[in-house]
Amino acid sequence: MSNCQDYEHETVSIDGFASAEVVEEQPKWLRLKPYHQLPPRTKPKAGDLEIVPPPTVAFPVVAPTSPELESWVSYLLHRAGIRCVLCGQTAMSIMGVSIRAHQSEWAIPQADLGRAAEVLRQAGFPSCPAEQEQQRECAVVRSPSNDAPLWKDYPMPAYHFHTDHLYRRHRGDPDQGRGICLYPKRMLISNHYPDPPIGPASHPHGPGCWYEEHNSHLADVTRVYMTTDDSSLPIPELGFADFRGRQSSNHYPVYMLARHHHLENLARLEVRDRHSSCGGMWWKWQLVLCVKVLIRDAMHRYMGWSVDLSDVQSTAIRDYLEALSADNDSNWAKSRLKRVCRAIEGESQYFMYEAKKSLWEVLLYITKARIMSQYVLLRSQSGECRPQGGLYSELQQATHANAYKLAPSKSPTAKQTALESAYMF
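Residues numbered from 1 in each chain as written. Predicted model: local features only at pLDDT ≥ 70, side-chain atom pairs only at ≥ 80, totals over all residues. Heavy atoms only, no water.

Re the packing of helix 7 (residues 259-272) against helix 8 (residues 281-294)
Stage number 1. In the contact formed by helix 7 and helix 8, the axes pass within 9 Å of each other and the chain directions differ by 150°. Taken as axis vectors, helix 7 and helix 8 run roughly antiparallel relative to one another. Helix 7 and helix 8 meet at a crossing whose hand is left-handed. Contacts between helix 7 and helix 8 involve Arg-259, His-262, Leu-263, Leu-266, Ala-267, Leu-269, Glu-270 and Arg-272 from the first element and Trp-283, Lys-284, Gln-286, Leu-287, Cys-290, Val-291 and Leu-294 from the second.
Stage number 2. Here the contact of helix 7 with helix 8 is composed, by residue class, of nine nonpolar, two polar and four charged. (Axes fitted to C-alpha atoms, helices over the stretch in contact; angles between N-to-C directions. Helix = DSSP H or I, 4+ residues; strand = E, 2+ residues; numbered from the N terminus. Parallel < 35°, antiparallel > 145°, perpendicular 65-115°, else oblique. Left-handed = near helix turned anticlockwise from the far one by under 90°. Contact = heavy atoms within 4.5 Å. Nonpolar A, V, L, I, M, F, W, Y, C, P; charged D, E, K, R; others polar.)

A short note on empty space enclosed by the protein
Stage number 1. The final tally for this structure, using the stated rule, is four cavities of 30 Å³ or more.
Stage number 2. In this structure, the largest cavity occupies an estimated 90 Å³ of space.
Stage number 3. Around the largest cavity sit 15 residues that line it, and Cys-87, Gly-88, Leu-188, His-262 and Asn-265 are the ones nearest its centre.
Stage number 4. Among the secondary structure elements, those contributing two or more residues to the lining of the largest cavity are strand 5 (85-87), helix 3 (88-95), helix 7 and helix 8.
Stage number 5. Among the elements that make up the lining of the largest cavity, the one with the highest residue count is helix 7 (four residues).
Stage number 6. Classifying every residue of the lining of the largest cavity gives 10 nonpolar, four polar and one charged.
Stage number 7. Each of two domains, domain 1 (67-257) and domain 2 (262-345), supplies a minimum of three residues to the lining of the largest cavity.
Stage number 8. Quantified by volume, the second largest cavity comes out at close to 60 Å³. (1 Å grid on protein atoms, 1.4 Å probe; cavity = no way out; pocket = protein on both sides within 12 Å on 5 of 7 lines; lining within 4 Å. Points joined across faces, edges and corners; volume = space filled by probe spheres on them. Domains from an automatic or database assignment.)

A closer look at the pattern of salt bridges
Stage number 1. Scanning all chains against the criterion turns up nine salt bridges.
Stage number 2. A salt bridge links Glu-270 to Lys-284, with the shortest nitrogen-to-oxygen separation between them at 3.7 Å. Taken together, the positions of Glu-270 in helix 7 and Lys-284 in helix 8 put the pair 14 residues apart, joining distant regions of the chain.
Stage number 3. On the basis of relative accessibility, which here comes to 6%, the residue Glu-270 falls in the buried class. (Salt bridge = Lys/Arg side-chain N within 4 Å of Asp/Glu carboxyl O. Buried < 20%, exposed > 50% of the residue type's maximum accessible area, 1.4 Å probe, protein only.)

Considering the pairing of strand 6 (residues 104-108)
Stage number 1. Here strand 6 lies mainly inside the structure; five of its five residues are buried.
Stage number 2. Of the two faces of strand 6, the one holding Ser-104, Trp-106 and Ile-108 and the one holding Glu-105 and Ala-107 are both buried throughout.
Stage number 3. In the sheet, strand 5 pairs with strand 6 via three bridges, with the strands oriented antiparallel. Bridge pairing in strand 6 links Val-85 to Ala-107.
Stage number 4. Across five bridges, strand 6 lies against strand 8 (residues 180-184) in parallel orientation. Looking across to strand 8, one finds that Ile-108 is bridged to Pro-184. (Pairing = 2+ DSSP bridges.)

Here we look at the state of the cysteines
Stage number 1. Taken as a whole and assessed by the stated rule, the structure comprises zero disulfides.
Stage number 2. Cys-84 carries a free sulfur, and the closest cysteine sulfur to it, the one in Cys-87, is 9.7 Å from it.
Stage number 3. For Cys-84, a relative accessible area of 1% translates into the label buried. (Disulfide = S-S within 2.5 Å.)

A closer look at the packing of helix 2 (residues 67-79) against helix 4 (residues 113-122)
Stage number 1. It is the contact of helix 2 with helix 4, at a shortest axis distance of 10 Å, that shows an interaxial angle of 120°. By the angle class used here, helix 2 and helix 4 are oblique. Judged by the sense of rotation from one axis to the other, the crossing of helix 2 with helix 4 is right-handed. Touching Val-73, Leu-76 and Leu-77 of helix 2 are Ala-116, Val-119 and Leu-120, all from helix 4.
Stage number 2. Per-class residue counts for the contact of helix 2 with helix 4 are six nonpolar, no polar and no charged.

Here it is in structure tokens:
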């Protein structure tokens, strides 16, 4: 948990003039440009302001709990003209979800992803040694050893930085490797949403104009992105301090999805990746946790922190979230998920997927029957009651390699081809 910051601005003077009214509206990451003089109690114009660069962060530092590091990353990328969004477990903790974030996840447009990594390297961020040593593996990007998909099989980042100077022993290690991960935006944010807005450091008319435009849209419920200091976010208080909550407005702005869009985005990602190797389980786990806290939790409703489902634009997703808030394992929730799939993918594509999935299950059953028939034949030929030479095990492994290791991350057509090759074996 991060330390609580002061949310009220101090009264200071600018160039010797008392300016309490100005400072009430102006965060500390903005200042008056040098040699600009203002009469007392005069609000500066947008063109009179410039950015106060965030202080450099000294490593090692645990990325998911450091607002200073997040502000620095956001400033560096915005200054380079790169749009970025804070996502994942860190964003959930800021929204009010009780979770121990394992990494700081950033979504960046695909075209700027490599440049973003280079910007952070040049700023001194400790990159992974495995990137320079080809024979060395890093647990952050190592594929899971088990064959069954798990909820903790998170998407592998395109680039990552060990800001805490620790290196994971395995992907499930909860105590090491809490650094920064860079992802292409399309992996963490559905294509339904546009790219994030430009930041203050890259605004064509200066940070002052960005600040005025940002304040004018604070009450707009249709906005997709908000900053981590938004007034709708909860403030951690004594007894409810197991989440990070709203960040100080004195830090350089950091973008994240608005809370109702965050819920809708997770539902869209679950639908999109339900045919992948993890079956959308990573997104479903996050969605259920967010729904439990942001919609169903009594304390959040009492404090006015809960999400209003009426803000969710998609009717199908809104009904699905309502079903999840009642019981995430109920048939009602599953039926609502099917409605979401049809609404997002379209009726024809949805039923085509389901038909191919049924065909895949039939071919899997035929493949297993084929294995058993060959096993029985080998036993009868050998005259033994037990398999000899591990023949049955070899058959299992060969079919498993063809049917499962090739199929999960592919399309249904690829799954069918993999199973057919297993059947022919």
